[in-house]
Structures are given as C-alpha cells and as structure tokens.
Amino acid sequence: MSATIRLKRFGTKKRPYYRIVVMDKQAPRDGKTIEEIGYYHPIEAEEKQIVFDEAKAKAWISKGAIVSDTVRRIFNKKNVTVK
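Residues numbered from 1 in each chain as written. Predicted model: local features only at pLDDT ≥ 70, side-chain atom pairs only at ≥ 80, totals over all residues. Heavy atoms only, no water.

Draft legend 1. Here's a closer look at the sheet that holds strand 1 (residues 3-12). The mixed open sheet is built from five strands, whose spatial order is 4-3-2-1-5. In this open sheet, the two edge strands, each paired with only one partner strand, are strand 4 (50-52) and strand 5 (66-67). One ladder, built from ten bridges, connects strand 1 with strand 2 (residues 15-24); its direction is antiparallel. Looking at the pairing, Ile5 lines up with Val22 of strand 2. Along the sheet face, helix 1 (residues 54-62) touches strand 1, strand 2, strand 3 (35-40), strand 4 and strand 5 and points at about 125° away from the line of strand 3. Each of strand 1, strand 2, strand 3, strand 4 and strand 5 is contacted by helix 2 (residues 69-77), which is oriented at about 85° to strand 1, the strand it contacts most. (Pairing = 2+ DSSP bridges. Helix = DSSP H or I, 4+ residues; strand = E, 2+ residues; numbered from the N terminus. Contact = heavy atoms within 4.5 Å. Axes fitted to C-alpha atoms, helices over the stretch in contact; angles between N-to-C directions.)

Draft legend 2. Broad picture of unusual backbone geometry. One non-glycine residue, Lys14, lies in the positive phi region at around 65°. The residue Lys14 is located in the loop between strand 1 and strand 2 in this model.

Draft legend 3. Broad picture of helix 1. Taken together, the buried positions of helix 1 are Ala57, Trp60 and Ile61. For helix 1, the buried positions fall inside an angular range of 100° around the axis, keeping them on one side. Seen from the buried face of helix 1, the exposed residues on the opposite side, beyond 90 degrees, are Ala55 and Ser62. Measuring from the backbone nitrogen of Ala55 back to the side-chain oxygen at the start of helix 1 gives 3.2 Å, which picks out Asp53 as the cap. Phi turns positive, to about 110°, at Gly64, one or two residues after helix 1. (Buried < 20%, exposed > 50% of the residue type's maximum accessible area, 1.4 Å probe, protein only. Arc of directions from axis to C-beta. Polar contact = N/O pair within 3.5 Å; in protein donor to acceptor, adjacent residues only side chain to side chain.)

Draft legend 4. Local environment of the packing of aromatic side chains. With the rule as written, the count across this model stands at three aromatic pairs. Taking 6.2 Å as the distance between ring centres and 20° as the angle between the ring planes, the aromatic pair formed by Tyr18 and Tyr40 counts as stacked. Taken as a pair, Tyr18 in strand 2 and Tyr40 in strand 3 lie far apart in primary sequence, 22 residues in all. Under the relative-accessibility criterion, Tyr40 is labelled buried at 13%. The ring of Phe10 has Arg19 sitting right over it, with the charged end atom 4.2 Å from the ring centre. Sitting over the ring of Trp60, Lys63 keeps its end group 4.7 Å from the ring centre. (Phe/Tyr/Trp six-rings, centres within 6.5 Å; stacked < 30°, edge-to-face > 60°. Lys NZ or Arg CZ within 6 Å of the ring centre and 35° of its normal.)

Okay, structure coming up:
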C-alpha cells in the first residue's frame, strides 16, 4: 500500500472546502482515509484558510507518503518544506 497526502472535497456546489488527508494511492478522491491531518478553506479569510498538523505531515512524509502537487503548494504557503 502506497500512501499519499492529498485533498478530500466537502461542501456544496460553489462553496467547497477540503480536508488534507492521508489516503491509499488508489482510493477514490472521497473514499476512506487513513488519517486526517488538517483542512483547507479557499473561501475563508487568508489567515483562516489553512490549518494542519505539521508534525503529522512530516511523520507521514518520513514514512514514504507522496505529497500531491496541490498539497505541496498549500504546505509552501505555510513555509513547510517537503521533498
């Protein structure tokens, strides 16, 4: 099983919000998650948009989890470096 850190979509039409989750690489976008490590609200104010547990993210990355491009950009906004 290969794990990835990616987004899981919630919300209504034109009002999305996302959870940053660790999932099996082949699971569907809104499928079963291994662990939720944060959330991303693109509609909220700038300081409330991104919340996640940096320690959990780094732990999963050290275990070999692959980070999606979108989540990598979100981490870079909060100055968290990933491979």
